[in-house]
Amino acid sequence: MPVAAVAADRSVCAPLPVLGRDVRVPLVTGGEVDYAALDYAASAPALQRVWDDVAAYAPYYGSVHRGAGYLSQLSTDLFENSRRTIAEFLGCRADDQVVFTRSTTDSLNLLAAALPQGTRVFVFETEHHASLLPWEQRADTAVTYLNAPRTPRQAVDTLEKALAEREPYGPALVCVTGASNVTGELWPVQELAIAAHAHGARIVLDAAQLVPHHPVDLAELDVDWVAFSGHKLYAPFGAGVLAGRADWLQDAAPYLAGGGASRKVSRRTDGGVDIEWHTTAARHEAGSPNVIGAYAIASACQALTEAGFPELIAREQELIDRVTAGLAEVPEVQVLSLFGADAARVGVLSFVVEGWNSSHFAAALSAEYGIGVRDGLFCAHPLVRTLLGSEPQDPGECGAPEAAPGERSLNAIRVSFGAGTPREHVDRFLRAVKELVTDGARWNYRTEDGRCVPDRA
């Protein structure tokens, strides 16, 4: 096959096969079509490699750490080897810990619970709720919310100013996203880490939307912690990771009290108990862990590493360019952005369509074209409201519009894709957008439980 043909074939076919690529879905207008999953930012489909690895292990599943049986010992080795694989994938330093959690949200809540007393947290209003809200749960923690910056440089300057002015001068933590779950724009993580450390603060990176698309190296970025979810990383088995510095985690009370977190428990003469807690990652992993979830993440990490991030990034950029150019051809479409049209981003874009309720538009993409996207505020209410030019007190719920089809409501449409997305899905999406804007929906829709759905009456 000629070189040009090989290159063209690579751009059409996804480099990493995922489950669901052959699923057929019905259309309200009749017939079926291959489902176009363009909602990776919510949950990416499982890699076929991950599914195969998990299926191969499943017959050997056993409880970890405390079993003498062969399957228990095998599962323990698999669990701890998964931890090492993930540490290598993240470029962890020698004394960093990798703690298994349920999700990014769980990871950041764990870190919030481990903050030293009196820590001041600095977080941009642009964060996903997973990294915006956990800090409020601590009565002894002060939170400073920073306004949305309009350039990467402004983000660094805003943080530096806030850190320099903090009083009293004590422990501080900066929380920042690596890639926005709304706009896909990349944040200046390395520069923000430099600013944080220059002012005696630590920094945690919400990499939920970054790690599936770009390599994340803790040592290179010089961040103190990173948090992400397996289900964004093609490993949807309910596990997440918090990786980074051990000291605050070792000094904090266990996130959950129970077996696995405790190393020794003994009765006292007064009737109580004395507890010696682990100082390793096990301190915050009480109970029977999600072995399959941890292994799935490790499998996904290996698959991405073997596929090669440079090639994956180059192919994804082709899709990004294709989507942005296609949407730019439709004057009624406004793509949302903080840093401008030329900002570097991952495969996540949000937009609104003039004359359309976003829920109505998303429903039509699904029902008439077999395309799955997301609409709403994407669990990033302050950011979307800022981008839409609305007042902060405007009502709205994540993913639930407030108005009927055709009426203005506070929500947007998000299209997202990755290593498992064939070019045909992107092309079908662009054709659908143009047809809906030009010709309108071919079906009637109604509001049901806050959602726009096809009217099948």
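Coordinates for the structure precede this section.
Residues numbered from 1 in each chain as written. Predicted model: local features only at pLDDT ≥ 70, side-chain atom pairs only at ≥ 80, totals over all residues. Heavy atoms only, no water.

**Some words on the overall build of the protein chain**
- Scanning the protein chain for helices and strands turns up 14 helices and 19 strands.
- Taking the principal axes of the C-alpha coordinates as reference, the protein chain spans close to 80 × 55 × 50 Å.
- Residues classed as buried in the protein chain amount to 54% of the 457 residues present.
- A separation threshold of at least 6 residues defines the contact pool for the protein chain, and within that pool the share at least 24 residues apart is 70%.
- Carbon and sulfur atoms form 51% of the exposed surface of the protein chain, whose accessible area is close to 19,600 Å².
- Between the averaged position of the 38 positive side-chain charges in the protein chain and that of its 57 negative side-chain charges there is a distance of 4 Å. (Helix = DSSP H or I, 4+ residues; strand = E, 2+ residues; numbered from the N terminus. Buried < 20%, exposed > 50% of the residue type's maximum accessible area, 1.4 Å probe, protein only. Contact = heavy atoms within 4.5 Å. Areas by Shrake-Rupley, 256 points an atom, 1.4 Å probe, with all protein chains shown as cover. Lys, Arg positive; Asp, Glu negative; His and termini not counted. Charge placed at Lys NZ, Arg CZ, Asp CG, Glu CD.)

**Examining the packing of helix H12 (residues 358-369) against helix H14 (residues 423-439)**
- Following both chains from N to C, one finds H12 and H14 inclined at 115 degrees, their axes separated by 11 Å at the closest point. Remark: the crossing between H12 and H14 carries right-handed chirality. Of the residues in H14, those in contact with Phe361, Ala364, Leu365, Glu368 and Tyr369 of H12 are Arg428, Phe429, Ala432, Val433, Glu435, Leu436 and Val437.
- Class assignment of the residues belonging to the contact of H12 with H14 gives a composition of 9 nonpolar, no polar and 3 charged. (Axes fitted to C-alpha atoms, helices over the stretch in contact; angles between N-to-C directions. Left-handed = near helix turned anticlockwise from the far one by under 90°. Nonpolar A, V, L, I, M, F, W, Y, C, P; charged D, E, K, R; others polar.)

**Examining the pattern of salt bridges**
- For the structure shown, the criterion picks out 28 salt bridges.
- Between Asp427 and Arg423 there is a salt bridge, with the nearest N and O atoms lying 3.9 Å from each other. Of this pair, Asp427 and Arg423 both sit in helix H14, 4 residues apart, roughly one helical turn.
- The exposure class of Asp427 is buried, given its relative accessible area of 18%.
- A network of salt bridges, in which partner residues are shared, links Arg202, Asp224, Arg245 and Asp247. (Salt bridge = Lys/Arg side-chain N within 4 Å of Asp/Glu carboxyl O.)

**Observations concerning the pairing of strand E4 (residues 97-101)**
- With respect to burial, E4 is a largely interior element, 5 of its 5 residues being buried.
- Side chains Gln97, Val99 and Thr101 of E4 all project onto a buried face; the interleaved residues Val98 and Phe100 project onto the opposite face, where all are buried too.
- Sheet analysis places E4 next to strand E10 (residues 240-244), joined by 5 bridges and oriented antiparallel. By the bridge assignment for E10, Gln97 is matched with Gly244. (Pairing = 2+ DSSP bridges.)

**With respect to the environment of Thr29**
- On the secondary structure map, Thr29 appears in the loop between strand E1 (24-26) and strand E2 (32-34).
- As a C-alpha pair, Thr29 and Ala367 span 338 residues in sequence and 8.1 Å in three-dimensional space.

**Looking at the sheet that holds strand E7 (residues 172-177)**
- Taken together, 7 strands build an open sheet; the order of strands is E4-E10-E9-E8-E7-E5-E6 and the sheet is mixed. Looking at which strands have only one partner, the edges of the open sheet turn out to be E4 and strand E6 (142-146). In this sheet, neighbouring strand axes are inclined to one another by 20 degrees on average, regardless of whether the strands run parallel or antiparallel.

**Section: the sheet that holds strand E17 (residues 412-416)**
- Overall, antiparallel pairing links the 4 strands, which are arranged E13-E14-E17-E16 in an open sheet. Edge positions in the open sheet fall to strand E13 (333-335) and strand E16 (374-376), since each of these has one partner strand only. Across the sheet, the mean angle from the axis of one strand to that of its neighbour is 30 degrees, orientation sign disregarded.
- Where E16 lies against E17, 3 bridges are found, and the strand directions are antiparallel. Bridging from a neighbouring strand, Arg374 pairs with Arg414 of E17.

**Thoughts on the side chain of Thr119**
- Checked against the element boundaries, Thr119 lands in the loop between helix H4 (104-114) and strand E5 (120-124).
- By relative accessible area, which is 0% here, Thr119 ends up buried.
- Among the polar contacts listed, one links the side chain of Thr119 to the backbone oxygen of Pro116, at a separation of 2.6 Å.
- When sequence neighbours within four positions are dropped, the list of residues in contact with Thr119 reads Asp140, Thr141, Ala142, Pro171, Ala172 and Leu173. (Polar contact = N/O pair within 3.5 Å; in protein donor to acceptor, adjacent residues only side chain to side chain.)

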